[in-house]
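Report on the structure
Chain by chain, the residues:
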Amino acid sequence: MIGVAVLGSTGSVGESTLDVLARHPDRFRLVAIAANSNARRLAQQVLAWRPAYAALADERAARELRELLGGAAPGTRVLTGPVALEEIAQLAEVECVMAAIVGAAGLRSTLAAARAGKRLLLANKEALVMAGPLLISAVRHSGATLLPIDSEHNAIFQCLPPGMIPGTAPRGLKRVLLTASGGPFRDTPDEALAAVTPEAALAHPNWVMGRKISVDSATLMNKGLELIEACLLFGLTPAQVQILVHPQSIVHSLVEYADGSVLAQLSAPDMRTPIAHALAWPERISSGVEFLDLLKTGRLEFRAPDTGKFRCLALAQAAARAGGLHPVVLNAANEVAVQAFLERRLNFPGIATVIEAAHESRLVRAVVRDRRGSAGHGARVRPLLGRTPLGLQGTALLGRLRPTAPQACRGPGPDRVRRGGHPARRLREAAR
């Protein structure tokens, strides 16, 4: 039996992973589960699955987990702190690691799994955006198997020839086409976006996802991060990645080859399909997903994204072209801005404004220049980032930017943040 660890088991991808594992008890054994802070849901999972290990990154939540369990799960060892996630990712009895912890919080455990040579099921796109070269290098050095879980990248993987090497474009590949549903606001008038609520942003028309990724889907930042991820995973340039809005979410991605052939992967919009594919690869197992009925679907539509309306996508495309630490800054600022939006301290268009302001700050310009080798700027930046490897600086930058975001969120009325306005200027000044 294959030993599996699910990092981020209380989130939507984690829950879907457990659903697939439950369908194949003769093939997989759940060794460990982990989450950031959801002690109550993790306790329920411990009692249902009885894994050997359960971990929570938040120490207060871990104490709550122990209290909830009492003596009901004596065979489960409860671990605490971010280091516990790395420990689980490297366990000898774990062969397969689902990396599904959202955001920068999942970076170190993902790297730990890669360095330990595991079969790494990568659902945390931020790990690649923040430390892609570092992660790809770790996979190559250890002999780990990297399998993408994002439906779009999993679709691309399925359309590539066997023997794909992470970070290297297959011969004959011309370009890939990433599809996007367009989110809940794809047909919402531009002028109405300032008034949309977090609840509306979380109500995705096709997919059931976590809060952060649902907002990213609504802003199309999710597609921008996936563009960066695709470039790193498959050795592509940004010019080789085209984004199409596909409202039905049936065609998950397409790959075009030099001979004019275009291969596509189609399935119902359910994350259990890519999860089952990656768990069993190169074999196939049942996922529990309803089979696709194209007659019932009726039509498949495609259109170009509106980057004027969804500025987050345009910012992500620019960061992909710029390279270096620009994607790291993009991801860090986006995490801060999305959290502020969910807490009703920032309106929807303000997410893009915060990201734009962060890119313009002196701190960020110094970090990016330091990455290019400027010793003068490096002396000023290193005290802010500490002794952090270049590939992990996004985590430090995230902490640096987070306190500045509320300053760009203050102000009267629903349109609190405007492009280039006074609140954005406050963020730039605070980040200096």
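As shown above, the structure is provided for reference.
These lines cover the structure that appears in this document, whether it is placed above or below. Throughout this description, residue numbers start from 1 for each chain and increase along the sequence as written. A pLDDT threshold of at least 70 governs which residues receive local features in this predicted model, and a stricter bar of 80 or more applies before side-chain atom pairs are shown or counted, although totals over entire chains, interfaces and linings include all residues. Hydrogens and water molecules were not included; the side-chain quantities draw on all heavy atoms of the structure.

1. Some details on the pairing of strand S9 (residues 241-245)
Only protein chains enter the area calculation, which uses a 1.4 Å probe; residues under 20% of their type maximum are buried, those over 50% are exposed, and those in between are partly exposed. Each helix corresponds to a stretch of at least 4 residues labelled H or I by DSSP, and each strand to a stretch of at least 2 residues labelled E; elements are numbered beginning at the N terminus. For S9, the tally of buried residues reaches 4 of 5 residues, placing the bulk of the element in the interior. Pairing between two strands is assigned when DSSP locates at least 2 bridges connecting them. Two elements, strand S8 (residues 173-180) and S9, share 5 bridges in a ladder whose sense is parallel. Residue pairing for S9: Leu177 is matched across the bridge by Gln242.

2. Here we look at the sheet that holds strand S11 (residues 262-266)
Strand order in this open sheet of 4 strands is S9-S8-S10-S11, and the pairing throughout is mixed. Among the strands making up the open sheet, the edge pair consists of S9 and S11. Sheet twist, expressed as the average angle between the axes of neighbouring strands with direction ignored, equals 20 degrees. Fitted lines through C-alpha atoms serve as axes, helices being fitted only where they are in contact, and the angles separating the N-to-C directions of these axes extend from 0 to 180 degrees.

3. A word on the pattern of salt bridges
Salt-bridge detection follows one rule: a side-chain nitrogen of Lys or Arg within 4 Å of a carboxyl oxygen of Asp or Glu. Following the criterion strictly, the structure yields 18 salt bridges and no others. The closest approach of N and O atoms between Asp270 and Arg272, which form a salt bridge, is 2.9 Å. Overlapping salt bridges, with partners in common, bring together Asp19, Arg23, Asp270 and Arg272 in one network.

4. Concerning the sheet that holds strand S3 (residues 53-56)
Spatial strand order, S4-S3-S2-S1-S5-S6-S7: 7 strands in an open sheet with parallel pairing. One side of each edge strand has no neighbouring strand; the edge strands of this open sheet are strand S4 (77-80) and strand S7 (145-148). Looking at each pair of strands side by side, their axes are set apart by 20 degrees on average, direction ignored. Bridge analysis of strand S1 (residues 2-7) against strand S5 (residues 96-99) gives 4 bridges, and the strand direction is parallel. Within S5, the residue paired with Leu7 across the bridge is Ala99. Of the strands in this sheet, S1, S5 and strand S6 (119-122) touch helix H5 (residues 107-115), which is tilted by about 150 degrees from S6. Working rule for contacts: check all heavy atoms of both residues, and any pair within 4.5 Å makes them a contact.

5. Focus: helix H7 (residues 151-159)
Helical geometry: 3.6 residues make up each α-helical turn, so side chains three or four residues apart lie on a common side. Burial analysis of H7 places 8 of its 9 residues in the buried class, the great majority of the element. For H7, the secondary structure elements touched by its buried residues are S7, S8, helix H10 (221-234), strand S10 (251-257), S11 and helix H11 (272-280).

6. Regarding the environment of Val245
By secondary structure assignment, the location of Val245 is in strand S9. Sequence separation between Val245 and Ala180 is 65 residues, and the spatial gap between their C-alpha atoms is 4.7 Å. Apart from residues no more than four positions distant in its own chain, Val245 is found in contact with Ala180, Ser181, Gly182, Arg186, Glu301, Phe302, Arg303, Ala304 and Pro305.

7. Digging into the pairing of S7
Judged from the 4 bridges that link them, S6 and S7 form a sheet pairing that is parallel. Bridging from a neighbouring strand, Leu121 pairs with Leu147 of S7. By convention, a crossover is right-handed whenever its connection, traced from the first strand over the helix to the second and viewed with the strands pointing away, goes clockwise. The parallel pair S6 and S7, bridged by helix H6 (residues 125-142), forms a crossover whose chirality is right-handed.

8. Quick notes on the packing of aromatic side chains
Stacked, tilted and edge-to-face are the three classes applied to pairs of Phe, Tyr and Trp rings, where Trp contributes its six-membered ring and a pair requires centres within 6.5 Å; stacked means planes under 30 degrees apart, edge-to-face means over 60, and tilted covers the rest. Counting across every chain of the model gives 3 aromatic pairs. Aromatic side chains Phe157 and Trp281 sit 5.7 Å apart centroid to centroid with 65 degrees between the ring planes, which places their arrangement in the edge-to-face category. With a gap of 124 residues between them, Phe157 in helix H7 and Trp281 in the loop between H11 and helix H12 (294-297) connect regions that are remote in the sequence. Taking the relative accessible area as the measure of exposure, Trp281 reaches 30% and is therefore partly exposed. Measuring from ring centre to ring centre gives 5.1 Å for Phe185 and Phe348, while their planes differ by 80 degrees; the resulting arrangement is edge-to-face. Here Phe185, found in the loop between S8 and helix H8 (198-202), pairs with Phe348, found in the loop between helix H14 (326-342) and helix H15 (350-360); they are 163 residues apart in sequence, far enough to count as distant. Accessibility assignment for this pair places Phe185 and Phe348 in one class, buried. Following the ring pairs from residue to residue traces out a cluster consisting of Phe185, Phe341 and Phe348.

9. Let's talk about unusual backbone geometry
The peptide bond linking Trp281 to Pro282 adopts the cis configuration, its omega dihedral lying at 10 degrees. Here Pro282 is to be found in the loop between H11 and H12.

10. Thoughts on the nonpolar core
Burial of nonpolar side chains together is a common tendency in soluble globular proteins. Only buried residues count toward a nonpolar core. Its members are Ala, Val, Leu, Ile, Met, Phe, Trp, Tyr and Cys residues joined through side-chain atoms within 4.5 Å. Counting residues in each nonpolar core, the largest one holds 123 residues, and the members touching the most others are Leu65, Ile88, Met98, Ile149, Leu330 and Ile351. Among the elements that take part in this core, H6 stands out by supplying 9 residues, more than any other. In contact with Ile88, other than residues within four places in its own chain, are Ala5, Leu7, Ala32, Ile33, Ala34, Tyr53, Ala55, Leu79 and Val94.

11. Examining the environment of Arg284
Note that Arg284 resides in the loop between H11 and H12. When sequence neighbours within four positions are dropped, the list of residues in contact with Arg284 reads Gln158 and His277. Within the structure, Arg284 has its side chain in polar contact with the side chain of Gln158 (distance 3.0 Å). A 3.5 Å cut-off defines polar contacts: any pair of N or O atoms within that distance qualifies, except that in protein one atom must be a possible hydrogen donor and the other a possible acceptor, and neighbouring residues in sequence count only when both atoms are side-chain atoms.

12. Observations concerning the packing of H10 against H14
At a closest axis distance of 12 Å, the pairing of H10 and H14 adopts a crossing angle of 155 degrees. With respect to their mutual orientation, H10 and H14 come out roughly antiparallel. Remark: the crossing between H10 and H14 carries left-handed chirality. Here Met221, Leu225 and Ile228 of H10 come into contact with H14, specifically with Pro327, Leu330, Asn331 and Asn334. Working definition: roughly parallel below 35 degrees, roughly antiparallel above 145 degrees, roughly perpendicular at 65 to 115 degrees, and oblique for all remaining angles. Left-handed describes a crossing whose near helix is turned anticlockwise from the far helix by less than a right angle; the clockwise case is right-handed.

13. Observations regarding helix H4 (residues 82-89)
Of all the positions in H4, only Ala84, Leu85, Ile88 and Ala89 are classed as buried. The buried residues of H4 all sit within an arc of 140 degrees when viewed along its axis, so they share a single face. Packed against the buried residues of H4 are S1, strand S2 (28-35), S3, S4, S5 and H5. To obtain the arc, one takes the directions from the helix axis to the C-beta atoms.

14. Thoughts on a nonpolar patch on the surface
Patch membership is restricted to residues that have no salt bridge and whose relative accessible area is over 30%. Joining uses 9 Å for like charges and 5 Å for the nonpolar side chains Val, Leu, Ile, Met, Phe, Trp and Tyr. Only the protein chains shown count as cover for residues, and all accessible areas are computed by the Shrake-Rupley method using a 1.4 Å probe. On the surface, Leu266, Leu292, Leu294, Leu300 and Phe302 cluster together into a nonpolar patch covering about 390 Å² of accessible area. Along the chain, the position of Leu294 falls in helix H12. With relative accessibility at 46%, the residue Leu294 sits in the partly exposed group.

15. Concerning the side chain of Asn347
As for its placement among the helices and strands, Asn347 is situated in the loop between H14 and H15. Here Asn347 falls in the buried class, since its relative accessible area comes to 4%. Within polar-contact distance, the side chain of Asn347 engages the backbone nitrogen of Gly350 at 3.0 Å.

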